[in-house]
There are 2 protein chains.
Amino acid sequence: MTTLFNDPASFMEDQLAGFLDAFSDRLHGVDGGVVSTAPQPSPEVAVVVGGGSGHYPAFSGLVGPGLAHGAVIGNIFTSPSASRACSVGRAADNGRGVIFTFGNYAGDTMNFGLATQRLAAEGIDARVVVVTDDIASAEEPEKRRGIAGDLTVFKVLGAAAAEGLDIDAVEAAGNHANTMTRTLGVAFSGCTMPGAEEPLFQVPEGHLGLGLGIHGEPGIKDVPMLRAEELAALFVERVVAEAPAGAGTRVAAVLNGLGTTKYEELFLVWGTVAALLRDRGYEVVQPEIGELVTSLDMGGCSLTLMWLDEDLERWWTADAYTPAFKRVASALPAGTGARTSVTPQAPQAEIPVAGETGQDLAARVRTAAADLAVLLEEKSEELGRIDAVAGDGDHGRGMLRGILAALAAVEQVPPHAGASQVIRAGGRAWADDAGGTSGVLWGAALEAAAATLDDDADSYSAQDAAAAVRAFQESMQQLGRARVGDKTLLDSLVPFVETLEVAVVAGDPLATAWSEASAEATRAAETTRDLRPAVGRARPLAEKSLGTPDAGAVSMAMILHRLGEHLR
Amino acid sequence: MTTLFNDPASFMEDQLAGFLDAFSDRLHGVDGGVVSTAPQPSPEVAVVVGGGSGHYPAFSGLVGPGLAHGAVIGNIFTSPSASRACSVGRAADNGRGVIFTFGNYAGDTMNFGLATQRLAAEGIDARVVVVTDDIASAEEPEKRRGIAGDLTVFKVLGAAAAEGLDIDAVEAAGNHANTMTRTLGVAFSGCTMPGAEEPLFQVPEGHLGLGLGIHGEPGIKDVPMLRAEELAALFVERVVAEAPAGAGTRVAAVLNGLGTTKYEELFLVWGTVAALLRDRGYEVVQPEIGELVTSLDMGGCSLTLMWLDEDLERWWTADAYTPAFKRVASALPAGTGARTSVTPQAPQAEIPVAGETGQDLAARVRTAAADLAVLLEEKSEELGRIDAVAGDGDHGRGMLRGILAALAAVEQVPPHAGASQVIRAGGRAWADDAGGTSGVLWGAALEAAAATLDDDADSYSAQDAAAAVRAFQESMQQLGRARVGDKTLLDSLVPFVETLEVAVVAGDPLATAWSEASAEATRAAETTRDLRPAVGRARPLAEKSLGTPDAGAVSMAMILHRLGEHLR
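Residues numbered from 1 in each chain as written. Chains lettered and ligands numbered in written order. Predicted model: local features only at pLDDT ≥ 70, side-chain atom pairs only at ≥ 80, totals over all residues. Heavy atoms only, no water.

Under an unreviewed UniProt entry, the name given to chain A is Dihydroxyacetone kinase, and the source organism is Nesterenkonia xinjiangensis.

Now the structure itself:
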């Protein structure tokens, strides 16, 4: 929701003041909006974009060399008045006339239309270029709304103006860009106006609204939620089906986020969109993926294509430098993109042949690894819930990812390898794939344990097992720099190792000693409920975690317990 | 929430593939992350940023000339493994060594630390520069987490490397930048991992979490929600209180949005932050306001200051060109920012002195305007609710804004003016301040009605009133290009005007005729429930609006009814 404001009624003015403060080196506030203060080597037709606020970077973030000369700003989702448009138009005019350009909404059309009449009465040649890219909003192209296609049309207008064309030619360029631009959008959730209790609309859970509006208008139709690749396919199919007459195969593309649909999600969708466009024979020219025309905190996204000809491609790719849209070809050194060198690889060692006993132990390790994967699959969610109380909730997921990577690696080690090699490979894979804190600790500790085992030994004793887990513990302690009582996995591991060693020294069989030690570990994990994490470690959320055991200590105890079953 | 994904388990890989597709002209994917393909005129120390994903533009969006040479990417909110770091480090190395730089989290510290050891064993000089900017996370500076201060430290490292400094000097520059950087953050709402049902944490309604973490760690303390200017004051006070030793008065600033706290909100907060910093004698150098280090769809923001000396300022302001962070000084023509010309103003006409009858009518118009403001204040919410069914819910707010602006303007017209001048001024102000569709329609229609009145008339008849409302109606009809039955305000206005004219022609007194006509308007507004909006008008949401009357028709009827009370 929209959370930050002073008085909701002055939201537009307040945000505009902060925006102008941030860009006072290049923009100037005037009644009704902003204009660029960049000098023009020779006077250009003034491109003035506009509409309501709540759509940043549309509209004020698109003012600067190569794009708009000014922006008229209305209240949230509300067309600015004709007077405001006139004021910005007058300030932006350089003697070559003004083109107002905006999405096709009744209020904008009327206000900007009135503004052109008033400016004409003052002797300023003013025109409108209306953006009508939203294919979901009407059958007839001229009745369609303007959404993220604003960007492609504005960009072409700005570039054509920067080339020094006259107002007729710039207007024609903008109208041509609009004719060649198509967008389809979807919404996942509504946006909330400053000070409002409720979003303007809601999309039913598990659904998406097809054909979103950028003013909180709900979609045309709610359909069940799609996977990212299904959405990408829908976008490409529907937008391409509306290809304008005379469409070629080179396209500009904008994958636009509405506000809460974030960058990684957009890139993920883009991966499929790009592939599908290529499958259809298209070549995408300088795609833009990100938040370009937003709708406050709305969830949703849209795909815009502009079919290019030679002129449109030159205007689309031309340099522009505004607060939110920057393309400067010369900023990438010549030769960027070319890459001939091979990525260097780490040196690989060969895996030696182990003795028979070592190979036998390796087989038992493989079986145990598979069993631990089953265990962690079962427990992943529970561990995530425990970790979420004072952490980031990724423990269960990370452990599962680790054991699955280890299992895959272990199964690729040749059968002639001993347990040491198998555990080392598993540890390395665990650390590599799981990442995170527990990943690196488990990986390094497994490697340390592996290093204590002799793959050519004739037999393995309970003492050997105790030495391996001791090395495992010491590695974790050293790398993690934690102590018992710090509310970490050491709180179950250390009591385990100590109990095991005592029992082994006392002559207990390994299975018995292990069982006793793992019961101790389980008890110890439970008592971490009463601990606060040591200050200065990853998350100093001492109080919040009181009453919840440490997820790492719990998973450690679970695993140690399960391993015991493989000793019987 | 995070809505778009294919398999949550492959979220990182899938989004990275799309990202690399979009930037294949300048970035190259390697095991573990990405590297820049920009050639280096002379070899630079490689700055390799990294950490988990979910923070875009951190980390892959910061790779390019003048900033990072590579980024190591982990799973969501999870440190990448040492192997991944080594792989990216090897690919980014240009023979002058590698600096890994990342926020201070246990997993990152361990994995990047291990990576430096492994690379050293391969003959590559590798170092770490750890970011510890989060003042809320610990007392001792070296134990603090790294959050949005990542950006200032990375930027300095990239610029120092681009200057050709050796690895000791680049490392020292980065550590110095970190020493001079402080951040405080707040969270308003948690973020949701791909595929998760629930956010990682929740901030209680009406509260904010002070001291957010960027991995879904809840804040250190929940406090009652603040107004934007109170939050700005809190940020400035707490961050400035932690000013490092040797701090001057020139600062770099980053006001960072976490994901769902949007641009306009950030600019609004920035307005106060900038003013407060100036009050304290600070000069802010090239502030960055936007989403720079995010946390999926988390609500929240943070303020980062880096106290500058001559070196840090040069590195902070140096050119950089990455997917998400671009500064190119030469892109702004010389002289940009200077602005000496006066903003042109529209010509103003003088207001003539009206006759006594005209002045009397003007007084009654003023009283009626004040009364309509009371009415619309009462009805604003109800109208908004009606409008929200198929529109953007702004009708009540827009009407209220309009009448308040009109009232203010009407009261500034000199007392010698006639009703025509008063209504004209009110109409102009209504359109200017309300903006939007209803604003322009009401404004233009009031001006049209005003034009029918003679301020020097000796008396006004019922016929004069009917002629004024007829002009009012025709103006709306012409400008809005709607017809009766299109589900607009005309559906109550047109029956009103027709009924009024018939009654006036029949010789009814104006009060009686008006009362009859406004009852008809109220009935007609109600029947718009059964209408669908005409296709191609602002929001073609025909089916959704069935069963709900048109908000404009309802407000028109309300106003006409209330005006009737002023005729008795």
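A. Layout of the interface of chain A and chain B. Contacts between the two partners involve 134 residues from chain A and, on the opposite side, 134 residues from chain B. Between chain A and chain B the total buried area reaches about 11,000 Å² when both faces are included, carbon and sulfur atoms providing 59% of it. The residue Arg278 of chain B makes a salt bridge to Asp21 of chain A at a minimum N-O spacing of 2.7 Å. The interface formed by chain A and chain B contains 46 residue pairs in polar contact (both at pLDDT 80 or more). When residues in the side of chain A that touches chain B are grouped by element, the largest group, ten residues, is from helix H7 (residues 263-279) of chain A. (Contact = heavy atoms within 4.5 Å. Buried area = accessible area lost by both parts, 1.4 Å probe. Salt bridge = Lys/Arg side-chain N within 4 Å of Asp/Glu carboxyl O. Polar contact = N/O pair within 3.5 Å; in protein donor to acceptor, adjacent residues only side chain to side chain. Helix = DSSP H or I, 4+ residues; strand = E, 2+ residues; numbered from the N terminus.)

B. Main features of the domain arrangement of chain A. Examined at the domain level, chain A breaks down into domain 1 (8-190 + 206-329) and domain 2 (356-567). Relative to domain 2 of chain A, the C-alpha centre of domain 1 of chain A lies at a distance of 55 Å. (Domains from an automatic or database assignment.)

C. Structural view of a negative patch on the surface. Residues Asp454, Asp456, Asp458 and Asp464 of chain A make up a contiguous surface patch of negative charge. Its place among the elements puts Asp454 of chain A in the loop between helix H12 (436-451) and helix H13 (462-480). (Patch = residues over 30% accessible without salt bridge, like charges linked within 9 Å, V, L, I, M, F, W, Y side chains within 5 Å. Areas by Shrake-Rupley, 256 points an atom, 1.4 Å probe, with all protein chains shown as cover. Lys, Arg positive; Asp, Glu negative; His and termini not counted. Charge placed at Lys NZ, Arg CZ, Asp CG, Glu CD.)

D. Focus on unusual backbone geometry. Cis peptide bonds are those with omega within 30 degrees of zero, and the linkage from Tyr56 of chain A to Pro57 of chain A qualifies with 10 degrees. Mapping Pro57 of chain A onto the fold places it in the loop between strand E3 (46-53) and strand E4 (70-76). Residue Phe59 of chain B is reached from Ala58 of chain B by a cis peptide bond, and omega for that bond is 10 degrees. Assignment of secondary structure puts Phe59 of chain B in the loop between strand E3 (46-53) and strand E4 (70-76). Phi is positive for Leu296 of chain A, which is not a glycine, with a value near 50 degrees. You can see Leu296 of chain A is positioned in the loop between strand E11 (283-290) and strand E12 (299-307).

E. Quick look at the pairing of strand E7 (residues 181-189) of chain A. Residue and element names in this part refer to chain A. In terms of burial, E7 is largely enclosed, as eight of its nine residues are buried. Both E7 and E12 contribute to a ladder of eight bridges, which runs antiparallel. If you follow Gly185 over to E12, its bridge partner there is Ser302. Strand direction decides the pairing type here: E7 and strand E8 (residues 207-210), joined by two bridges, are antiparallel. Counterpart to Ala187 in the pairing with E8 is Gly209. (Buried < 20%, exposed > 50% of the residue type's maximum accessible area, 1.4 Å probe, protein only. Pairing = 2+ DSSP bridges.)

F. Representation of the side chain of Arg401 of chain B. Of note, Arg401 of chain B is situated in helix H10 (residues 395-412). In terms of polar contacts, Arg401 of chain B uses its side chain to reach the side chain of Glu13 of chain A, at 3.1 Å. Excluding its chain neighbours within four sequence positions, the residues that come into contact with Arg401 of chain B are Ala9, Glu13 and Asn75 of chain A together with Asp433 and Ala434 of chain B.

G. Looking closely at the sheet that holds strand E1 (residues 27-30) of chain B. Residue and element names in this part refer to chain B. Strand order in this open sheet of six strands is E1-E2-E4-E3-E5-E6, and the pairing throughout is mixed. Edge positions in the sheet fall to E1 and strand E6 (126-131), since each has one partner strand and no second. Between one strand axis and the next, the sheet turns through 25 degrees on average, direction left out of account. Across six bridges, the pairing between strand E5 (residues 98-103) and E6 is parallel. Bridge pairing in E6 places Thr101 opposite Val129. The strands touched by helix H4 (residues 150-162) are E3, E5 and E6; relative to E5, the strand with the most contacts, the crossing angle is about 170 degrees. (Axes fitted to C-alpha atoms, helices over the stretch in contact; angles between N-to-C directions.)

H. How the structure looks around the relation of the copies chain A and chain B. Mapping chain A onto chain B calls for a screw motion: a turn of 180 degrees about the axis and a shift of 0.0 Å along it, with 0.1 Å RMSD after fitting. Taken together, these values place the two copies in the relation of a two-fold axis. Every residue of chain A has its C-alpha some distance from the rotation axis, and the shortest such distance is that of Thr260 of chain A, at 2.6 Å. Taken as a fraction of all interface residues of chain A, those also at the interface in chain B reach 99%, which identifies the copy contact as same-surface. (Least-squares fit on C-alpha atoms with pLDDT ≥ 70 in both.)

I. Just the sheet that holds strand E9 (residues 221-224) of chain B, in detail. Residue and element names in this part refer to chain B. The strand order E9-E8-E7-E12-E10-E11 describes an open sheet built from six strands, whose pairing is mixed. The sheet is open, and its two edges are formed by E9 and strand E11 (283-290), each paired on a single side. Across the sheet, the mean angle separating the axes of adjacent strands is 20 degrees when strand polarity is ignored. Here helix H7 (residues 263-279) sits on the sheet in contact with strand E10 (250-257), E11 and strand E12 (299-307), set at roughly 165 degrees to E11. On the sheet, helix H8 (residues 310-317) packs against E10, E11 and E12 and is oriented at approximately 35 degrees with respect to E11.

J. The arrangement of the pattern of salt bridges in detail. Here the structure, examined in full by the defined rule, presents 48 salt bridges over all chains. The residue Arg250 of chain B makes a salt bridge to Glu283 of chain B at a minimum N-O spacing of 3.4 Å. Within this pair, whereas Arg250 of chain B is found in strand E10, its partner Glu283 of chain B is found in strand E11, the two being separated by 33 residues in sequence. Residue Arg250 of chain B is classed as partly exposed on the basis of its relative accessible area, which comes to 31%. The structure contains a network of salt bridges with shared partners spanning Asp125, Arg127, Asp168 and Glu171 of chain A.

K. Layout of the packing of aromatic side chains. The full count for this structure, using the stated rule, is 26 aromatic pairs over all chains. Pairing Phe496 of chain A with Trp514 of chain A gives two aromatic rings, centres 4.9 Å apart and planes at 75 degrees, and the pair type is edge-to-face. Taken together, the positions of Phe496 of chain A in helix H14 (residues 490-505) and Trp514 of chain A in helix H15 (residues 510-527) put the pair 18 residues apart, joining distant regions of the chain. On the basis of relative accessibility, which here comes to 0%, the residue Phe496 of chain A falls in the buried class. Using a relative accessible area of 7% as the deciding quantity, one classes Trp514 of chain A as buried. Judged by centre distance (4.9 Å) and plane angle (5 degrees), the ring pair of Trp430 of chain B and Trp442 of chain B falls under stacked. Taken together, the residues Trp430 of chain B in helix H11 (residues 419-434) and Trp442 of chain B in helix H12 (residues 436-451) connect sequence positions twelve residues apart. (Phe/Tyr/Trp six-rings, centres within 6.5 Å; stacked < 30°, edge-to-face > 60°.)

L. Summary view of empty space enclosed by the protein. Taken as a whole and assessed by the stated rule, the structure comprises five cavities of 30 Å³ or more. The space that makes up the second largest cavity amounts to roughly 60 Å³. Taken together, Glu264 of chain A together with Gln15, Leu16, Gly52, Ser53, Gly54, Tyr56, Ala58, Phe59, Ser60 and Ile73 of chain B make up the full set of residues lining the second largest cavity. Looking at the lining of the second largest cavity, the elements that each hand over two or more residues are helix H1 (11-22) and E3 of chain B. Each residue belonging to the lining of the second largest cavity can be placed in one class, and the counts come to five nonpolar, five polar and one charged. (1 Å grid on protein atoms, 1.4 Å probe; cavity = no way out; pocket = protein on both sides within 12 Å on 5 of 7 lines; lining within 4 Å. Points joined across faces, edges and corners; volume = space filled by probe spheres on them. Nonpolar A, V, L, I, M, F, W, Y, C, P; charged D, E, K, R; others polar.)

M. Layout of the state of the cysteines. Under the counting rule described, the total for this entry stands at zero disulfides over all chains. Unpaired in terms of disulfides, Cys191 of chain A finds its nearest cysteine sulfur in Cys301 of chain A, a separation of 15 Å. (Disulfide = S-S within 2.5 Å.)

N. Geometry of the packing of helix H9 (residues 356-388) of chain A against helix H16 (residues 551-564) of chain A. All names here are of chain A. At a closest axis distance of 10 Å, the pairing of H9 and H16 adopts a crossing angle of 155 degrees. Classified by the angle between their axes, H9 and H16 sit roughly antiparallel to one another. Where H9 crosses over H16, the handedness of that crossing is right-handed. Across the interface between the two elements, Ala368, Asp371, Leu372, Val374, Leu375, Leu376, Lys379, Glu382, Leu383, Ile386 and Asp387 from H9 touch Ala551, Val554, Ser555, Met558, Ile559, Arg562 and Leu563 from H16. Among the residues making up the contact of H9 with H16, the classes are represented as twelve nonpolar, one polar and five charged. (Parallel < 35°, antiparallel > 145°, perpendicular 65-115°, else oblique. Left-handed = near helix turned anticlockwise from the far one by under 90°.)

O. Structural detail: the environment of Gly290 of chain A. All names here are of chain A. Following the sequence through the fold, Gly290 ends up in strand E11. Of the residues examined, Gly290 reaches a relative accessible area of 5% and is grouped as buried. Once the C-alpha coordinates of Gly290 and Phe267 are considered, the two residues, 23 residues apart in sequence, prove to be 8.4 Å apart. Ignoring any residue separated from it by four or fewer positions in sequence, one finds Gly290 in contact with Leu255, Asn256, Gly257, Tyr263 and Leu266.

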